[in-house]
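Coordinate analysis (summary)
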Amino acid sequence: QQQVKQSPQSLIVQKGGISIINCAYENTAFDYFPWYQQFPGKGPALLIAIRPDVSEKKEGRFTISFNKSAKQFSLHIMDSQPGDSATYFCAAIDSGSARQLTFGSGTQLTVLP
Amino acid sequence: DTGVSQNPRHKITKRGQNVTFRCDPISEHNRLYWYRQTLGQGPEFLTYFQNEAQLEKSRLLSDRFSAERPKGSFSTLEIQRTEQGDSAMYLCASSLTSNTEAFFGQGTRLTVV
């Protein structure tokens, strides 16, 4: 059972454009929603994160929008750059003691120069 | 570099052999997680430690898998009688507490031939 569904699987954007990646979750026990960026041969690195009591969080060119009632959240990358080309994963952490990450299946972003 | 260190980076083994991976977390990080990532998918939780205690195991962690964290410092993940389906990237992450960011290592890529 995929608890965090992510789309699209791949995304191609022109330099300067907006990249949008969407995620949906089912488990209402999730209470923290981070996004990770992963380059080939590297481990995932935290990009930005949001709690469900906040509808939007912005850090530089990266913005998370969160819709608690719809159980959906999205990542917007403004002014996309070729250096942003990577795989992006949405994730969720539930309120249990383990606090393990449940990841989406990933979006491979390519930003064309 | 004081990040999470994993060794080896790559391991090729024949089916049926045993393999062991090592993870050195960030100093003083109490929590240590193991994840498995297959090609084109997000990482999946395997197990985690709070100091030296292994507190939770995923159903993905079959009885051929064993993890240890002696003295609450480095951790090892052993896979016995490897199968081709074990081929994946094995990622280690550590965090200072249950509510702080988890930092990932670069992973160990296992190929079972």
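Please refer to the structure placed before this passage.
Conventions and cut-offs
- Residues numbered from 1 in each chain as written.
- Chains lettered and ligands numbered in written order.
- Predicted model: local features only at pLDDT ≥ 70, side-chain atom pairs only at ≥ 80, totals over all residues.
- Heavy atoms only, no water.
- Contact = heavy atoms within 4.5 Å.
- Buried area = accessible area lost by both parts, 1.4 Å probe.
- Salt bridge = Lys/Arg side-chain N within 4 Å of Asp/Glu carboxyl O.
- Polar contact = N/O pair within 3.5 Å; in protein donor to acceptor, adjacent residues only side chain to side chain.
- Helix = DSSP H or I, 4+ residues; strand = E, 2+ residues; numbered from the N terminus.
- Disulfide = S-S within 2.5 Å.
- Buried < 20%, exposed > 50% of the residue type's maximum accessible area, 1.4 Å probe, protein only.
- Core = buried A, V, L, I, M, F, W, Y, C linked by side-chain atoms within 4.5 Å.
- Pairing = 2+ DSSP bridges.

Attention shifts here to the interface of chain B and chain A. Each partner contributes to the interface: chain B provides 20 residues, whereas chain A provides 16 residues. Summing the contributions of chain B and of chain A, the shared interface buries around 1,500 Å²; its carbon and sulfur component is 50%. In terms of surface lost to chain A, no three residues of chain B exceed Pro43(B), Phe104(B) and Gln106(B), which account for 27% of the buried area on that side. For the pair chain B and chain A, the interface holds zero salt bridges. On inspection of chain B and its partner chain A, the count reaches six residue pairs in polar contact (both at pLDDT 80 or more). Elements with a contribution of two residues or more to the side of chain B that touches chain A: strand 4 (31-37) and strand 5 (44-50) of chain B.

This part covers the state of the cysteines. Counted by the stated rule, this structure contains two disulfides over all chains. Paired through a disulfide, Cys23(A) and Cys90(A) show a sulfur-sulfur distance of 1.9 Å. Given an S-S torsion of about -95°, the disulfide between Cys23(A) and Cys90(A) has left-handed geometry. You can see Cys23(A) sitting in strand 3 (residues 19-25) and its partner Cys90(A) sitting in strand 9 (residues 86-94), a full 67 residues away along the chain. Looking at Cys23(A), the relative accessible area reads 3%, which means it is buried. A relative accessible area of 0% places Cys90(A) in the buried class. Between Cys23(B) and Cys92(B) runs a disulfide, and the two sulfur atoms are separated by 1.9 Å. Between Cys23(B) and Cys92(B) the sulfur-sulfur dihedral comes to about -65°; the bridge is accordingly left-handed. Of this pair, Cys23(B) sits in strand 3 (residues 19-24) while Cys92(B) sits in strand 9 (residues 88-95), placing them 69 residues apart in sequence. A single burial state applies to Cys23(B) and to Cys92(B), both of which are buried.

With that settled, the discussion passes to the nonpolar core. Counting residues in hydrophobic clusters, the biggest one holds 24 residues, and the most contacted among them are Phe33(A), Trp35(A), Ile48(A), Phe73(A), Leu75(A), Tyr88(A) and Leu109(A). Listed by contribution, the elements that provide at least two residues to this core are strand 2 (10-14), strand 3, strand 4 (30-38), strand 5 (45-50), strand 7 (62-67), strand 8 (72-77), strand 9 and strand 11 (107-112) of chain A. With four residues, strand 9 of chain A is the largest single contributor of residues to this core. Those residues within four positions of Tyr88(A) in sequence are excluded, and the remaining contacts are Gln6(A), Ile21(A), Tyr36(A), Gln37(A), Leu47(A), Leu75(A), Ile77(A), Gly106(A), Thr107(A) and Leu109(A). By size, the runner-up hydrophobic cluster in this structure holds 19 residues, among which are Phe21(B), Leu46(B), Leu77(B) and Ala88(B).

Residue and element names in this part refer to chain B. Side-chain alternation along strand 11 (residues 108-112) places Thr108, Leu110 and Val112 on a buried face and Arg109 and Thr111 on a face that remains uncovered. Of the strand pairs in this sheet, strand 2 (residues 10-13) and strand 11 are connected by four bridges, and their pairing is parallel. The residue of strand 11 that forms the bridge with lysine 11 is leucine 110. Examined bridge by bridge, strand 9 and strand 11 share three bridges and lie antiparallel to one another. Directly across from alanine 88, in strand 11, lies its bridge partner leucine 110.

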